[in-house]
Structures are given as structure tokens and as C-alpha cells.
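Structural features, examined
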Amino acid sequence: MIDILVNSLGVVLIVLIIYWFWIAKPRTQKTSSDVIDIIVDHGVYEPARIEVEAGKTLTLRFQRKDPSPCAEKVVFSDFDLSVDLAVNKPTDVKLTPDNVGEYPFTCQMQMYRGVLVVKQ
Ligand SMILES: [Cu+2]
């Protein structure tokens, strides 16, 4: 009985992994330039380097797949912003970076690392 349960859980996981890595990707590329999807999984933000235009409001749509507590927050220290990310549910972070520069964003332990590159 337990075997069946474990096996079916494994199958579900495999299907999910295949979905996120091969099927879900084209959908991400279709979003408008103001909304940027960021996958949070396996210790990395994907994409981890995001180039944006200064003075433009953008939405960073975090898609957290990693259920570990490590991934539960995203912190934009330069913007005094800390946001809780729900697992398998998109979380939107709206920002209007006015000044050109590089602004790192991390999880609360700084293991996940990304950078927002603001250009003129
Ligand atoms: Cu962490």
C-alpha cells in the first residue's frame, strides 16, 4: 500500500518537473515586457539577472516551486522590501526603480541570489 503511494507520488513529481521545465517555459516567454516571470527553484532564481528600464513600473512575478523555508521570502534590501512567496502560486512584486544601478535581491539567508539591473 505504502509502495503504491510512494510510487504515485514519484510519478506526480516527475510529471510536475517535466511540466515546469519543458512545457511551462514557452508560456513564460509570452508575457508582456512589464511582467517578468521568475522561477524560484533548486536554489536559483531563473532568470537571476533582470535588465529593466529606469522609471518604468514593472511586475516581478515570482513562481516559487521550492517548498523549503529557504525560498519563502524575497528581499530587495535597496528598496526596503521583503515579500513572502507562496508555493506554486505566483506572487507579484511591483517596483518602479528610478535610479540606474544594480540592485540585488535574495532570499532571507542570501542563498538565492538575483540582481535587478536598471538601465537608462
Ligand atoms: Cu534561503
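Before reading further, recall that the structure is shown in the block above.
Structure report, in brief. (Residues numbered from 1 in each chain as written. Predicted model: local features only at pLDDT ≥ 70, side-chain atom pairs only at ≥ 80, totals over all residues. Heavy atoms only, no water.)

Remarks on the overall build of the protein chain
Each helix and strand counted, the protein chain has one helix and nine strands in total. In sequence order, the protein chain lays out its α and β elements as α-β-β-β-β-β-β-β-β-β. Working note: accessible area of the protein chain is about 7700 Å², and carbon and sulfur atoms make up 60% of it. (Helix = DSSP H or I, 4+ residues; strand = E, 2+ residues; numbered from the N terminus. Areas by Shrake-Rupley, 256 points an atom, 1.4 Å probe, with all protein chains shown as cover.)

With respect to the environment of Val-44
Topologically, Val-44 is positioned in strand β2 (residues 44–46). Look at Val-44 and you get partly exposed, because its relative accessible area is 45%. Sequence separation of Val-44 and Cys-107 is 63 residues, and the distance between their C-alpha atoms is 9.9 Å. When residues no more than four places from it in sequence are discounted, the contact partners of Val-44 are Ile-39 and Tyr-112. (Buried < 20%, exposed > 50% of the residue type's maximum accessible area, 1.4 Å probe, protein only. Contact = heavy atoms within 4.5 Å.)

Remarks on the coordination of the copper ion
For a metal bound by four donors in a tetrahedral arrangement, the ideal donor-metal-donor angle is 109.5 degrees, while six donors in an octahedral arrangement ideally sit at 90 or 180 degrees. On the protein side, the copper ion has Cys-70 (O), Cys-70 (SG) and Cys-107 (SG) as donor atoms, found 2.1 to 2.7 Å from it. Of this pair, Cys-70 sits in the loop between β4 (58–64) and β5 (73–76) while Cys-107 sits in the loop between β8 (101–106) and β9 (113–119), placing them 37 residues apart in sequence. The same class applies to Cys-70 and to Cys-107, which are both buried. (Donors = N, O, S within 2.8 Å, 3.2 Å for Na, K, Ca; no water.)

Describing the pattern of salt bridges
This structure, assessed with the given rule, holds six salt bridges. A salt bridge links Arg-49 to Glu-51; the shortest N-O distance between them is 3.7 Å. Taking the relative accessible area as the measure of exposure, Arg-49 reaches 47% and is therefore partly exposed. Under the relative-accessibility criterion, Glu-51 is labelled partly exposed at 45%. Linking Glu-51 and Lys-119 is a salt bridge whose minimum nitrogen-to-oxygen distance equals 3.1 Å. In this pair, Glu-51 sits in strand β3 (residues 49–53) while Lys-119 sits in strand β9, placing the two residues 68 residues apart along the sequence. Lys-119 gets classed as partly exposed once you look at its relative accessible area, which sits at 42%. One continuous salt-bridge network, built from bridges that share partners, spans Arg-49, Glu-51, Glu-102 and Lys-119. (Salt bridge = Lys/Arg side-chain N within 4 Å of Asp/Glu carboxyl O.)

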